[in-house]
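Chain and residue survey
Residue-level listing of the chains:
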Amino acid sequence: MNREEVITGLTATQADGLACIICGLDYLRAPGSVSVPVGRSMTGSQVFACVDHCAELAGVDPMTMGRRVGGGRR
């Protein structure tokens, strides 16, 4: 998968880059979650998948892609 690929069929939260496109994990509610960019939504927002299994299912090697650590609310 390429970072500029447009991914369709996402929820609003996934399309905004706030949730994993594979498992749906809400990054705002999961402090310390780590994700990798996997493409863009129809709106142009960058979208993400959780590192490890989700990234693998999305066709991304998390070792070669930049990582993003979720902030979350405490």
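This report concerns the structure included in the present document. (Residues numbered from 1 in each chain as written. Predicted model: local features only at pLDDT ≥ 70, side-chain atom pairs only at ≥ 80, totals over all residues. Heavy atoms only, no water.)

Focus on the overall build of the chain
To be explicit about the condition: Segments assigned H or I by DSSP are reported as helices when at least four residues long, segments assigned E as strands when at least two residues long, and all are numbered from the N terminus. Each residue gets one of three labels from its accessible area relative to the maximum for its type: buried under 20%, exposed over 50%, partly exposed in between, using a 1.4 Å probe on protein chains only. Any two residues whose heavy atoms approach within 4.5 Å are treated as being in contact. With residues, only the protein chains shown are counted as cover, and all accessible areas are computed by Shrake-Rupley using a 1.4 Å probe.
Per the secondary structure count, the chain includes two helices and three strands. When the helices and strands of the chain are placed in sequence order, the string is α-β-β-α-β. A burial count over the chain gives 38% of its 74 residues as buried. The contacts in the chain between residues at least 6 apart in sequence include a share of 60% that link residues at least 24 apart. Accessible area of the chain: about 4,300 Å², with a carbon and sulfur share of 52%.

Examining the pattern of salt bridges
Threshold: Any Lys or Arg side-chain nitrogen located within 4 Å of an Asp or Glu carboxyl oxygen qualifies as a salt bridge.
One pass over the structure, following the stated rule, counts one salt bridge. Note that arginine 29 is salt-bridged to aspartate 26, the shortest N-O span being 3.4 Å. Classification of aspartate 26 as partly exposed rests on a relative accessible area of 24%.

Quick look at the side chain of glutamine 14
Looking at where glutamine 14 falls in the secondary structure, it is placed in helix 1 (residues 12-15). Accessibility expressed as a relative area gives 9% for glutamine 14, which makes it buried.

Focus: the environment of cysteine 50
The residue cysteine 50 is located in strand 2 (residues 46-50) in this model. Accessibility expressed as a relative area gives 10% for cysteine 50, which makes it buried. Along the chain, cysteine 50 and glycine 24 lie 26 residues apart, while their C-alpha atoms are 9.2 Å from each other. Setting aside its immediate chain neighbours within four residues, cysteine 50 contacts Cys20, Cys23, Leu25, Tyr27, Val34, Ser35 and Ala55.

Topic: the nonpolar core
Just so we agree on the cut-off: Nonpolar cores were defined as sets of buried Ala, Val, Leu, Ile, Met, Phe, Trp, Tyr and Cys residues, with membership established by side-chain atoms within 4.5 Å.
Residues Cys20, Ile21, Val36, Val38 and Ala49 are the most contacted members of the largest nonpolar core, which totals 15 residues. At the level of secondary structure, the elements contributing two or more residues to this core comprise strand 1 (34-40), strand 2 and helix 2 (53-57). With four residues, the top contributor of residues to this core is strand 2. Those residues in contact with isoleucine 21 that lie beyond four places of it in its chain are Ile7, Leu10, Gln14, Val38, Val47, Phe48 and Ala49.

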